[in-house]
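Chain by chain, the residues run as shown.
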Amino acid sequence: MGRVISLRQVGFSYDDGAWALTGLDLDVDRGELVGVLGPNGSGKSTLLKIVDGLLAPQEGVVRLNGRPVSDYSRAELAREVAMVGQESHFRFSFSALEVVLMGRFPYLGRFQFEGERDMEVARDAMEATHCLYLARRSIHELSGGEKQRVMIARALAQEPSMVLLDEPTSFLDLRFKKEVFDLIRALTHERGLGVLVATHDIDLAAAYCDRLVLLKSGRIHTTGIPEEVITASHMEAVYECTVSVDRNPKTGSPRVTLV
Ligand code: ADP
Ligand code: MG
């Protein structure tokens, strides 16, 4: 089991000077799906952007496949780390296949068009995410759930070792939420990816993730397997509301209910 990323004592602050993240230690191995939980403003997106190399921490070090992220060029990083957001907006009416092919940009030279291998990788990614039948459709016509599958296919087309998903299920209905989590878990394990998913779908994260990280005000409040992290006392301390935690009667995974 190789380690994909490791963060040591990472601290980051935006212009205002307050620490958005501080003292953060985190490792993700190949084939590991790690959920990032925490209230709005707790630092989830900041953490993902640091791993993606979009933000450079003022403190600590982030290693990707053993090498400091700060040593990577932008194109090198894009071949190793892929990000899927909450929602994607496209100015032009690209086809789903064109969107997935954008994942190949970090592999192309300047003025170089996609070749046969890029097409193969794109098609494989769309098959794996069950959206090949959407290849010719305009990205603008797709439903939220279909679009997220295309965005995950684009991430896979980058052939990354690390995938970051920032609240990928926020705008999806129940069925599509489950579909996205089914998909990311299967891909994590089958392809040996390291995956970080920030989410407010706590019950789903508890059911699907190998490990959870619970953030509060830019610090790790608790981390561990879902059963260790999802307890009433941790939830109440971090989300500042009263909850009860029991087990999903069918799956046994922790379940949070507001009281
Ligand atoms: P989350 O994704 O958990 O909601 P964020 O990582 O977006 O949290 O935000 C963490 C903290 O950093 C918050 O206090 C937020 O206000 C602040 N923050 C986020 N983005 C910026 C920015 N671009 N400029 C200044 N402060 C920011
Ligand atoms: Mg966020």
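See the structure above.
Residues numbered from 1 in each chain as written. Chains lettered and ligands numbered in written order. Predicted model: local features only at pLDDT ≥ 70, side-chain atom pairs only at ≥ 80, totals over all residues. Heavy atoms only, no water.

Draft legend 1. Representation of the site of ligand 1 within the structure. Residues in contact with ligand 1, as listed here, are Tyr14, Ala20, Pro39, Asn40, Gly41, Ser42, Gly43, Lys44, Ser45 and Thr46. In the model, an oxygen atom of ligand 1 is placed 2.7 Å from a nitrogen or oxygen of the Lys44 side chain. Contact distances for ligand 1 include 2.9 Å between an oxygen atom and a side-chain N or O atom of Ser45. In the complex, 57% of the free accessible area of ligand 1, which totals 560 Å², lies under the protein chains. With three residues, the single largest contributor to the shell around ligand 1 is helix H1 (residues 44–51). Residues that form the shell around ligand 1 fall into these classes: three nonpolar, six polar and one charged. (Near = heavy atom within 4 Å. Polar contact = N/O pair within 3.5 Å; in protein donor to acceptor, adjacent residues only side chain to side chain. Areas by Shrake-Rupley, 256 points an atom, 1.4 Å probe, with all protein chains shown as cover. Helix = DSSP H or I, 4+ residues; strand = E, 2+ residues; numbered from the N terminus. Nonpolar A, V, L, I, M, F, W, Y, C, P; charged D, E, K, R; others polar.)

Draft legend 2. Region of interest: the state of the cysteines. Considering all chains together, one arrives at zero disulfides under this definition. This cysteine, Cys209, is not joined by any disulfide, and Cys241 carries the nearest cysteine sulfur, 20 Å off. (Disulfide = S-S within 2.5 Å.)

Draft legend 3. Structural view of the sheet that holds strand E10 (residues 219–224). The six strands are arranged E6-E7-E8-E3-E9-E10 in an open sheet whose pairing can be described as mixed. The sheet terminates laterally at strand E6 (81–84) and E10, the two strands that pair on one side only. Within this sheet the neighbouring strands show an average axis-to-axis angle of 20 degrees, counted without direction. Sheet analysis places strand E3 (residues 32–37) next to strand E8 (residues 194–198), joined by five bridges and oriented parallel. By the bridge assignment for E8, Leu33 is matched with Val195. Those strands touched by H1 are E3, E6, strand E7 (162–166), E8 and strand E9 (211–216), and its axis lies near 155 degrees from that of E7. Against the sheet, helix H6 (residues 174–191) makes contact with E3, E7 and E8, and its axis sits at roughly 135 degrees relative to E3, the strand it touches most. (Pairing = 2+ DSSP bridges. Axes fitted to C-alpha atoms, helices over the stretch in contact; angles between N-to-C directions. Contact = heavy atoms within 4.5 Å.)

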